Amino acid sequence: PFVAQVIIKTFMGVYSQFVRPLLFHLDPERVHNLAIGALSTGLIGDWRYEHKLLEQEILGVKFRNPLGLAAGFDKNGVGVAHWHHMGFGFVEIGTVTFHSQPGNPKPRLFRLEKDFALINRMGFNNVGAERMARRLTGVHASIPVGINYGKSKITDLADAPKDYQQSFRLLQDYGLYAVINVSSPNTPGLRSLQEKGPLIEIIEAFRSVRRDKPLFVKVSPDLETGALDDVIAVAHEQQLSGLIATNTTVSRRDLKSTTSEDGGLSGFPLRERSNEVLAYLRSSCDPRMILMGVGGIFNGKDLYDKIALGAHLAQVYTGWVYGGPDMAARTLKQFVGLARQTGVRSLDELRGSGKTL
């Protein structure tokens, strides 16, 4: 262990001083593809951090820790067998659509380094549900896996329920839970599917295939309170397993960077709003509703706050891009240190307490 710690510290020193600055001079999507390629080989080292305080059982399954990788990074599920090495407690793959699609024209991923943020307008680029199902066959994941589903761009909004249903039919036997993504800003008209009527139709389309798969809806941070209340009402009426707060935002408020790029903003500028939505869900939902907090997690304090505001699980994307390969383990270790300082003995004790740092 001592030798391993020395190696890790040495590597991270080299990474922060030389590797990351070099990578940040390259096109963001190219770096993303390089990272996925490296991960798929399994030659990535081991960055795990484990502690009993981090463990919990959700959906009848043991989670080693509450920090997962958000959908959007491993769109095609190529790294499912390896993400645990990066220290994550679970991973959400996708967004997957029924039809394979190239996504929006490039460039479509942008760094806002002054803001520790990303803007993406990827447009659900993925290999399609059928090919993903073939890829996942026989793959063993050491951590729980969720699958995030979106609407194919070529499918009319009126036919969205069938489109989601076709994807789910192909992938129903894979993953612990399924996520209905109707909140990405990068597919025309998609966010209109968050309205009560269309959302119920999509949920019913999933349930017509299989009723025992835990089902979540990922919500937009840009919803007004009334629209958010409608989503919450649907979640209760349809007995969803949970809600995920939040997707990326189209807001550009209070940025240090100057940008005219369209797309969804993630990272540090999203943290406050995503926390607001998470806290609102906690106060409005049945306590049995499982909540996942996403948006602006960069360190142990951010994770602590998500759980204090009501999250059972949390997810990271942009924070991992900026933080590097040890980001998850470092965040978890910081979280445990903060829990000890504040006298927190379990995730259950902290969850929903509102005692943010």
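For the structure, see preceding data.
Residues numbered from 1 in each chain as written. Predicted model: local features only at pLDDT ≥ 70, side-chain atom pairs only at ≥ 80, totals over all residues. Heavy atoms only, no water.

A few points about the sheet that holds strand β12 (residues 290-294)
The parallel closed barrel is built from eight strands, whose spatial order is β3-β4-β7-β8-β9-β10-β12-β13. Neighbouring strand axes in the sheet, compared pairwise and without regard to direction, differ in orientation by 25 degrees on average. Here four bridges tie strand β7 (residues 145-149) to strand β8 (residues 177-181), and the two strands are oriented parallel to one another. Each residue of the ladder has a partner; that of N148, found in β8, is V179. Sheet contacts for helix α3 (residues 129-136): β4 (90-96) and β7; angle to β4, the most-contacted strand, approximately 150 degrees. (Pairing = 2+ DSSP bridges. Helix = DSSP H or I, 4+ residues; strand = E, 2+ residues; numbered from the N terminus. Axes fitted to C-alpha atoms, helices over the stretch in contact; angles between N-to-C directions. Contact = heavy atoms within 4.5 Å.)

Details of the pairing of strand β10 (residues 242-245)
Side-chain direction in a regular strand flips from residue to residue, so the side chains alternate between the two faces of the sheet. Along β10, one buried face is formed by G242 and I244 and the opposite face, lined by L243 and A245, is buried too. Of the strand pairs in this sheet, strand β9 (residues 215-219) and β10 are connected by four bridges, and their pairing is parallel. Residue pairing across strands places F216 opposite G242, the latter belonging to β10. Handedness of the crossover is the feature at issue here: the chain leaves β9, passes through helix α6 (residues 225-237), returns alongside β10, and the resulting connection is right-handed. As judged from the four bridges shared by β10 and β12, these two strands associate in the parallel manner. Paired with G242 across the two strands is I290, which belongs to β12. (Buried < 20%, exposed > 50% of the residue type's maximum accessible area, 1.4 Å probe, protein only. Right-handed = clockwise from strand over helix to strand, strands pointing away.)

A closer look at the side chain of N186
Mapped onto the secondary structure, N186 falls in the loop between β8 and α5 (196-209). Dropping the residues within four chain positions of it, N186 is found in contact with N104, N120, R121, M122, G123, G263 and G264.

A short note on the sheet that holds strand β5 (residues 109-112)
Strand order in the open sheet formed by three strands is β5-β6-β11, with antiparallel pairing between adjacent strands. Each edge of the open sheet is held by one strand with a lone partner, namely β5 and β11 (264-267). Looking at each pair of strands side by side, their axes are set apart by 25 degrees on average, direction ignored. Bridge count between β5 and strand β6 (residues 117-120): four bridges; the pairing is antiparallel.

Read these as geometric descriptors, not functional statements.
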